[in-house]
Amino acid sequence: MKTDISKIYNSSEVESGWYDFWETQGYFRADADSTDPPFVIVMPPPNVTGSLHMGHMLNHTVHDVIIRRKRMQGFNTLWLPGTDHAGIATQNVVERQLRQEGLTRHDLGREKFIERVWEWKREYGDLITQQIRRIGDSCDWSRQRFTLDESLSGAVREVFVRLFEERLIYRGERLINWCPRCRTALSDLEVEYESLEGKLYHIRYSIAGSADEFVEVATTRPETMLGDTAIAVHPEDERYVHLKDSSGVLPLVGRKLPFIQDRVVDREFGTGVVKVTPAHDPADFDMGERHGLKRIGVIDEDGRITPEGGAYSGLDRFEARKQILSDLEAQGFLTRVEAHVHNVGHCSRCRAIVEPLLSTQWFVDVKPLAKEAIRAVEDGDIRFVPANWAKTYFEWMYNIRDWCISRQLWWGHRIPAWYCPCGEIIVSRSDPTVCPKCGSEEITQDEDVLDTWFSSQLWPFSTMGWPGETDDLTAFYPTSLLVTGFDIIFFWVARMIMAGLKFAGDVPFKEVYITGLVRDIERKKLSKSKGNAGDPMLVCDEYGTDAVRFTLARLGAPGADFVLSEDQLDGYRAFATKIWNAARFILRSEAESDRPVTEDEIQLDDLSLADRWILSRQTRAVDDVNRALDRYFLHEGAHSIYQFFWHEFCDWYLEMVKLHPEQSRPVLLHVFEKTLRTLHPFMPFITEELWQRIPHNGASIVIAPYPKLRADFVDEAVERDAGLIQEIIVKVRNIRAEVNVEAKQFVPLRVGTEDPGIQAMLMRQEAYIKRLARVESLEVVGKLTGERAAAQAVAGDVALEVPLAGVIDLEAEQARLGREMEKVRREISALEGKLSNKKFVERAPREVVEENHQRLADYQGKAVRLAEGIARLR
RNA sequence: GGGCGGUUAGCUCAGUUGGAAGAGCGUUCGGUUUACACCCGAAAGGUCACAAGUUCGAGCCUUGUACCGCCCACCA
């Protein structure tokens, strides 16, 4: 037990040593052989390139609060950490570095480049795991994983091969999303649509064999016309039925384009005539399929016009657009240009405009997997918190489309497919050396790597050793809970569910907690001047990690966005300071005889009112916290413990205890110690620091038991008595403030009540009133006799007056009591109205009716006493 | 076009079997009371977006309206 305690709470000092202690003691390590019930979370692996942002910190706070409490409750907890190789993101970072050296990845070649990325990872990849330690996350570092670890790569390969064998992975030429900047294919999810102000160009296409007849098409992308292979109209559009069997002529190129009829054409839009470019537009691709159209690719992987584009060959796509427009205009084909807002797809990594391109890629046929995954959520095998996110999940799953998984990158899991000149494609668990079909040794491996999410989707079981049959899988799979943001429900959550069911034989987790978004702090213009208030490490430096964690827990209701502001952080830093100062107060009067006090040792009968009251209130607070946390309502749990600690323990109990410090010492120590345990999941550092300094059992608060409900500590009568005393104290303080009594002056107090029980109680407990309300003498009478020089108030059905000669302003006093009376009358008439309503009395539950009667009686008593008080003023 | 969420105190937000409107910050007034001025004490402040409905009773349930936000979608 440390005895010294600094006067000022210094968060960075408090937060510096404990993590190493916890880690070396092995408190965070899970035991696959334990017989305790497991509680398991796998950490959503952050990108190795990354550094922690506020979103992470919120997410990790939720994780850690939940997992620390479970650990204290005796679960065999595992929080498995790790990082993601993040294909495009990481490769971009290293390529940027190379560019500064005047190099491209091609200058290095594949092997050297990958070695370079690994070097980079070794150097910087630890940053984020250090940050994770800094914020106190209680993860099991002995089980840390990286998606490119050998065993995880083995899992990826196994899954690829199995899906290929089941024909759920296939290779084919499709229209895919292509990022010309990253030079890779993207999945649909990696394309982000942005509404942009563009132009709608109207272009005249003449009719073949007719001198003056023409149709007008509208397009936002004139450059794709080079790849047009048809003109489409709606089959029931009378304006164009006559063109059914004719052709149009492509301007500038002269190619003949057949007219086709298709129901997707919107007759209302533009002229109702659409140019069809199957190689560069998803809708046109589908039409091309339906009508057997030729596909002419006119834009290449760099976003330049291909030789198919004739005169425009080699031009950048946007340059070509300008050129084509000016040529069209010069030749009179461009009839009209109008402003047009439309959605443009951007690469989610580099923001370049995505090009729909015809390309041969690998795909997963996910529909069969989705079926099981939908069922798992429908059947409640997986529960979303909040529940409505399941709708988002279903929506996507019902409409799920094939997943393009190949990426033209070097950093990632290389596709385990080999090609033989004979045409054979070999997909295998081990690297082949010869073609099994023709025996050729000329086989070459596919150059591409897999989408990063292909490996992430296996995370809950690949990290535990799958496809091996490991103890960890037996002990910890399926995991208990996944905590993540709604932005990756499709990318990750849905795919893990599919993969888990398919390969690990069970759902990957039983519950999914969806966090909200931490809205940009800049919205409040708080950070601009400070530079980086959004960086959680800087925020933790400034406010203390415990305070930041508490703030996030307090504000982040499941699924709800919130703004993190400096005001909020200030408030919860003050909370940490408050805890510190309370501890200082307690440690001030440290005694030799101090020792840990367990609940069972407490003899309720021997205790003061204050002690019994705080035990009762704490019991309720602990119960509130537990019920809130059982539902993952961290915000409510944080609120309950905050209110209890500050406004009951500090504001009332510590003040009351000053009357009988020695007598209350055991309860004081007990309640404070238990409060620290209740708080520990939210504020791990300060609670450990203080817990170690006060009497306690055990080596660390990390493994101390989490407080449970002690129903026998709840005492309604005590709470009622203490409540009345507190109310009287507040009323006296109120009077003192109203009539400007100096703080140091003690005043006389007279309390009137005809209830002998209350009279006796007040006499017994008068010391509290005297001290906390600064009262010199307390007189308890049946009825207030009244003098003019008295300020009056009513607490419950008890009246009181402060007989202070000469200081009272009669008019003000009258006005004050009048206002009070007004309120009481309003309550009475509302309650009378309610209770005279026959239907209410008949149909409302008896307790509710009874309660209303009780309240009415209370208010009526109040009214009588107020009336007496007002009368006595005259 | 479809789906989801939001609208409660000056600000940021809580509010689950429907049963007396809450917190933090801010505001006003007063405070060197032996833990704490990152504090203490006292107070002010709300037609719960609007409208109908269900109910004895609605911030909460139903329907509609308005505004704001997000997601999905092949009107070029």
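This text follows the structure it describes.
Below you will find a few notes about this structure.

Cut-offs and rules
- Sequence order sets the numbering: in each chain, residues are counted from 1 along the sequence as written.
- Whichever chain is written first becomes A and whichever ligand is written first becomes 1, with later ones labelled in order.
- Totals for whole chains, interfaces and linings use every residue, but because this is a predicted model, local features are given only for residues with pLDDT of at least 70 and side-chain atom pairs only at 80 or more, for both listing and counting.
- Computation of side-chain values: all heavy atoms of the structure, hydrogens and water removed.
- We call a pair of cysteine sulfur atoms a disulfide whenever their separation is within 2.5 Å.
- Near, as used in this document, describes a residue that has one of its heavy atoms within 4 Å of the molecule or strand being considered.
- Residues adjacent in sequence count toward polar contacts only when both atoms are side-chain atoms; beyond that, a polar contact is any pair of N or O atoms within 3.5 Å, and within protein one must be able to donate a hydrogen and the other to accept it.
- Counting from the N terminus, the helices are DSSP H or I runs at least four residues long and the strands are E runs at least two residues long.
- Under the grouping applied here, Gly and all other residues not named as nonpolar or charged are polar, the nonpolar ones being Ala, Val, Leu, Ile, Met, Phe, Trp, Tyr, Cys and Pro and the charged ones Asp, Glu, Lys and Arg.
- Strand pairing follows a simple DSSP-based rule, namely that at least 2 bridges must link the two strands.
- Here, axes are lines fitted to C-alpha atoms. For helices the fit covers the stretch in contact, and angles between N-to-C directions go from 0 to 180 degrees.
- Oblique is the label for every angle not falling under 35 degrees (roughly parallel), over 145 degrees (roughly antiparallel), or within 65 to 115 degrees (roughly perpendicular).
- Contacts are assigned to residue pairs with any non-hydrogen atoms lying within 4.5 Å of each other.
- We define the nonpolar core as a collection of buried residues of types Ala, Val, Leu, Ile, Met, Phe, Trp, Tyr and Cys that are connected through side-chain atoms lying within 4.5 Å of one another.
- Accessible area is worked out with a 1.4 Å probe on protein chains only. A residue is then buried under 20% of its type maximum, exposed over 50%, and partly exposed in between.
- Each aromatic pair joins two rings of Phe, Tyr and Trp (for Trp, the six-membered one) with centres within 6.5 Å, and gets the label stacked for planes under 30 degrees apart, edge-to-face for over 60, and tilted for any other angle.
- By definition, being over a ring means that NZ of Lys or CZ of Arg is both within 6 Å of the ring centre and within 35 degrees of the ring normal.

A few words now on the state of the cysteines. All chains considered together, the criterion is met by zero disulfides. Cysteine cysteine 182 remains unbridged, with the sulfur of cysteine 179 as its closest cysteine sulfur at 3.7 Å.

Turning our eyes to something else, we now look at the protein's contact with RNA strand B. Around RNA strand B, a shell composed of 59 residues is seen, among which Asp266, Phe269, Trp646, Phe840 and Arg843 lie nearest. Of what RNA strand B places within 4 Å of the protein, 61% of the atoms are sugar or phosphate. Here lysine 578 contributes a side-chain N or O atom positioned 2.7 Å from a phosphate oxygen of RNA strand B. One nitrogen or oxygen atom from the side chain of asparagine 581 is found 3.1 Å from a sugar or linking oxygen belonging to RNA strand B. Only strand E8 (214-219), strand E13 (334-347), helix H12 (389-398), helix H19 (566-588), helix H21 (634-657), helix H24 (716-738), helix H28 (838-843) and helix H29 (846-873) provide two or more residues apiece to the surface near RNA strand B. Taken together, the residues that form the surface near RNA strand B break down as 22 nonpolar, 14 polar and 23 charged.

We now examine the sheet that holds strand E5 (residues 169-179). Reading across the sheet, the four strands line up as E6-E5-E14-E16 and stay open at both edges, with antiparallel pairing between neighbours. Whereas interior strands pair on both sides, the edge strands pair on one side only; in this sheet they are strand E6 (184-186) and strand E16 (403-404). Pairing of E5 with strand E14 (residues 355-364) involves 10 bridges; the strand directions are antiparallel. Paired with isoleucine 169 across the bridge in E14 is valine 364.

Here three strands make up an open sheet; going across it, the order is E19-E18-E20 and the pairing antiparallel. The two strands at the open ends of the sheet, each matched to only one other strand, are strand E19 (425-427) and strand E20 (444-445). Where strand E18 (residues 417-419) meets E20, two bridges bridge the pair, whose relative direction is antiparallel. Bridge pairing links tryptophan 418 to glutamine 445 in E20.

This part is about the packing of helix H20 (residues 609-630) against helix H22 (residues 661-679). Look at H20 against H22: their axes get within 10 Å of each other, and the N-to-C directions meet at 10°. Judged by the inter-axis angle, H20 sits roughly parallel to H22. Together, Asp611, Ile614, Leu615, Gln618, Val622 and Val625 of H20 and Gln663, Ser664, Val667, His670, Val671, Lys674, Thr675 and Thr678 of H22 make up the contact between the two elements. A per-class count over the contact of H20 with H22 returns six nonpolar, six polar and two charged.

With that settled, consider the nonpolar core. Of all hydrophobic cores here, the largest spans 126 residues; its most connected members are Phe550, Phe575, Phe649, Tyr653, Phe672 and Leu749. Counting residues per element, this core draws most heavily on H21, at 14 residues. The residues touching leucine 749, leaving out its near neighbours within four places in the chain, are Ile728, Val732, Ile769, Val775, Ser777, Leu778, Glu779, Leu800, Glu801, Val802 and Pro803. With 66 residues, the next largest nonpolar core counts Leu78, Leu189, Ile488 and Phe491 among its residues.

Quick look at the packing of aromatic side chains now. By the definition in use, this model includes 41 aromatic pairs. Seen from their ring centres, tryptophan 396 and phenylalanine 490 are 4.9 Å apart, and the 20° between their planes marks the pair as stacked. Separated by 94 residues along the polypeptide, tryptophan 396 in helix H12 and phenylalanine 490 in helix H16 (residues 489-504) bring together distant segments of the chain. Each residue in the set Phe550, Tyr572, Phe575, Tyr642, Phe644, Phe645, Trp646, Phe649, Tyr653, Phe672 and Phe682 is aromatic and connected to the rest through ring pairs, giving one cluster. A cation over an aromatic ring shows up here: lysine 121 above the ring of phenylalanine 146, its NZ or CZ 4.2 Å from the ring centre. The positively charged end of arginine 710 is found above the aromatic ring belonging to phenylalanine 713, 4.8 Å away from the centroid.

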